[in-house]
Structure formats: structure tokens, C-alpha cells
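Structural characterization, general
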Amino acid sequence: DTEVTQTPKHLVMGMTNKKSLKCEQHMGHRAMYWYKQKAKKPPELMFVYSYEKLSINESVPSRFSPECPNSSLLNLHLHALQPEDSALYLCASSQERFTNEQFFGPGTRLTVL
Amino acid sequence: AQSVTQLDSQVPVFEEAPVELRCNYSSSVSVYLFWYVQYPNQGLQLLLKYLSGSTLVKGINGFEAEFNKSQTSFHLRKPSVHISDTAEYFCAAVTGTASKLTFGTGTRLQVTL
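As a starting point, this report considers the structure included with it. Nothing here was measured: the structure is a model prediction, and the numbers come from that model. (Residues numbered from 1 in each chain as written. Chains lettered and ligands numbered in written order. Predicted model: local features only at pLDDT ≥ 70, side-chain atom pairs only at ≥ 80, totals over all residues. Heavy atoms only, no water.)

**Side note on the overall build of chain B**
In terms of helices and strands, chain B carries zero helices and twelve strands. Each helix (α) and strand (β) of chain B, taken in turn from the N terminus, gives the series β-β-β-β-β-β-β-β-β-β-β-β. Over its C-alpha atoms chain B spans a radius of gyration of 13 Å, differing by no more than 12% from the 13 Å that the globule rule assigns to 113 residues. The principal-axis extents of the C-alpha atoms in chain B amount to approximately 45 × 30 × 20 Å. Out of the 113 residues belonging to chain B, those deemed buried represent 47%. Surface summary for chain B: the accessible area is close to 5400 Å², and the carbon and sulfur share equals 52%. A distance of 10 Å separates the average location of the 8 positive side-chain charges in chain B from that of its 8 negative side-chain charges. (Helix = DSSP H or I, 4+ residues; strand = E, 2+ residues; numbered from the N terminus. Rg over C-alpha atoms; globule rule 2.2 N^0.38 Å. Buried < 20%, exposed > 50% of the residue type's maximum accessible area, 1.4 Å probe, protein only. Areas by Shrake-Rupley, 256 points an atom, 1.4 Å probe, with all protein chains shown as cover. Lys, Arg positive; Asp, Glu negative; His and termini not counted. Charge placed at Lys NZ, Arg CZ, Asp CG, Glu CD.)

This is the structure in C-alpha cells:
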């Protein structure tokens with residue numbers, strides 16, 4: 001299984017809602033990543049987990065809260081988002097942090113009203 | 001600081017013609033290089049990677065790239081493109097010092113009949 005899955009595919013939420021994005025991989029990878037991608041732009045790194053510990057937080061606002069319950073799962077909890085947070089959120093995983101290829105999921109298209 | 005430059009934001013090409021997408025990186029240390037493709041409303045798929053060894057790297061879908069250390073380039077080529085190659089292409093790099101995947105701004109390949 002060489003796939004990274006993400007749910008939901010699409011999410012529409014209001015600014016007062018709380019929602020979560022989910023990412024799963026069963027490749028035995030020990031590094032997992034969250035990226036944010038705006039239209040016609042490259043992905044921007046948000047968080048990196050290595051061996052289930054948060055190793056990089058790219059100064060992301062606290063309304064985004066990552067969680068890594070186990071080595072296969074990565075969540076992104078969303079609360080009190082702003083319309084400018086609307087974007088494609090991509091999850092990725094790699095065998096080890098950064099030195100190997102990253103496998104990307106299909107993304108969650110988030111719209112904040 | 002490490003950076004990746006894709007000078008061409010758009011490359012229009014006719015079907016069955018050859019194409020080259022340019023990528024330059026800035027790094028004085030060892031570097032790992034990647035090309036990713038993103039089809040509309042999808043995640044990123046790895047086309048090919050250079051970690052070490054042979055400077056000519058072959059990837060999926062008939063693409064290849066050449067690592068040129070003296071020119072700090074990693075251009076992507078395909079001898080004959082197909083309509084289905086229409087997508088956004090991202091060059092990315094990881095260096096030992098930065099330990100972070102840095103993306104170029106992307107090149108939109110538009111293949112027409």
C-alpha cells in the first residue's frame with residue numbers, strides 16, 4: 001500500500017465551527033507533514049511530525065492544531081478559522097524526515113465562510 | 001538560504017513536441033532534488049528524484065531530468081508530450097543544512113493539439 005489517504009475531500013465551515021482533517025498512511029513511514037496550498041502557488045509547509053513527535057511548526061496560527069495519535073494517523077484540528085484560511089490542505093509522509101521522497105495525499109479542499 | 005527557481009510560469013506546447021521545464025537551485029552543500037506533478041484538484045505525485053549517483057534520472061510517464069552541479073540545474077524533459085501531461089509541475093529540493101523541502105513556484109505545462 002503506497003497511498004496516503006485524506007478525509008474529507010471537501011469541507012465547508014463557518015468561522016465559529018470546529019472541524020478536523022484526517023490523514024492516514026500504512027507504509028510504515030515515520031515522518032508526516034501538513035502543507036497548505038493556495039491556488040496557483042506551491043505547497044507551504046505547516047507542521048512536521050517525526051516519530052510521532054512534533055518537530056517543526058512553521059509559525060502557524062494556533063487556530064490550527066495538529067495531532068499525531070499514532071504512527072499511521074495525522075489530524076489537523078481547526079477552530080475559529082478565517083476566510084483567508086480557505087485552501088487545499090495536503091498531507092504527506094516519508095520514510096524519514098525530509099531526506100526521502102514525500103508521498104502526498106489528494107488533499108482536503110477547505111472553504112471558510 | 002536554500003531556494004529553488006522555476007523561471008517559466010507557463011509553457012505552452014503542441015502534442016507530440018518535446019518539452020523542457022527549467023529548474024535551478026541555490027545550494028553549496030549536498031542536495032536532493034525532486035520533480036512533482038499536480039493535476040487539477042489533486043495532490044502531488046512524484047515524477048522523479050535525484051539523491052546521488054547517475055546525473056541522468058528517469059521517472060514515470062516518460063519524463064527524465066539531468067542533475068548539473070556546475071550549473072546548479074535540474075531541468076525536466078520529455079521527448080514527446082501528450083495532452084494528458086497538462087498539469088502543474090513543481091521542482092523541489094532538500095539540503096542537509098535546511099532539512100526542509102523547498103518548492104519552486106511551479107510551471108504550468110499546457111499541451112494542445
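**Notes on the interface of chain B and chain A**
Contacts between the two partners involve 19 residues from chain B and, on the opposite side, 19 residues from chain A. In total, chain B and chain A occlude about 1500 Å² of area from one another, counting both sides; carbon and sulfur atoms represent 57% of this. Inspection of the chain B/chain A interface yields one salt bridge. Where E101(A) meets K49(B), a salt bridge forms, and the shortest distance between an N and an O atom there is 2.5 Å. If you look at where chain B meets chain A, you find four residue pairs in polar contact (both at pLDDT 80 or more). Elements with a minimum of two residues in the side of chain B that touches chain A: β5 (31–38), β6 (44–50) and β10 (87–95) of chain B. Grouping the constituent residues of the side of chain B that touches chain A by class yields ten nonpolar, seven polar and two charged. (Contact = heavy atoms within 4.5 Å. Buried area = accessible area lost by both parts, 1.4 Å probe. Salt bridge = Lys/Arg side-chain N within 4 Å of Asp/Glu carboxyl O. Polar contact = N/O pair within 3.5 Å; in protein donor to acceptor, adjacent residues only side chain to side chain. Nonpolar A, V, L, I, M, F, W, Y, C, P; charged D, E, K, R; others polar.)

**Some words on the packing of aromatic side chains**
Any two aromatic rings considered together are summarised by their centre-to-centre distance and by the angle between their planes. In total, this model carries twelve aromatic pairs over all chains according to the counting rule given. When the centroid spacing of 5.4 Å and the interplanar angle of 40° are considered together, the rings of Y35(A) and F104(A) count as tilted. Residue Y35(A) is found in strand β4 (residues 31–37), and its partner F104(A) is found in strand β10 (residues 103–104); the two are separated by 69 residues along the sequence. The two residues Y35(A) and F104(A) agree in class, both being buried. Taking 6.4 Å as the distance between ring centres and 65° as the angle between the ring planes, the aromatic pair formed by F104(A) and F103(B) counts as edge-to-face. Linking F104(A) in strand β10 with F103(B) in strand β11 (residues 102–103), this pair reaches from one chain into another. Ring pairing ties together the aromatic residues Y33(A), Y35(A), F104(A), F34(B), Y36(B), F90(B) and F103(B), which thus form one cluster. (Phe/Tyr/Trp six-rings, centres within 6.5 Å; stacked < 30°, edge-to-face > 60°.)

**Quick notes on the pattern of salt bridges**
Applying the stated criterion to the full structure yields nine salt bridges over all chains. As a salt-bridge pair, E64(B) and K58(B) come within 2.8 Å of each other at their nearest N and O atoms. Relative accessible area serves as the criterion here: at 61%, K58(B) is assigned to the exposed category. Each of K36(A), R63(A) and D85(A) takes part in salt bridges that share partners, so that together they form one network.

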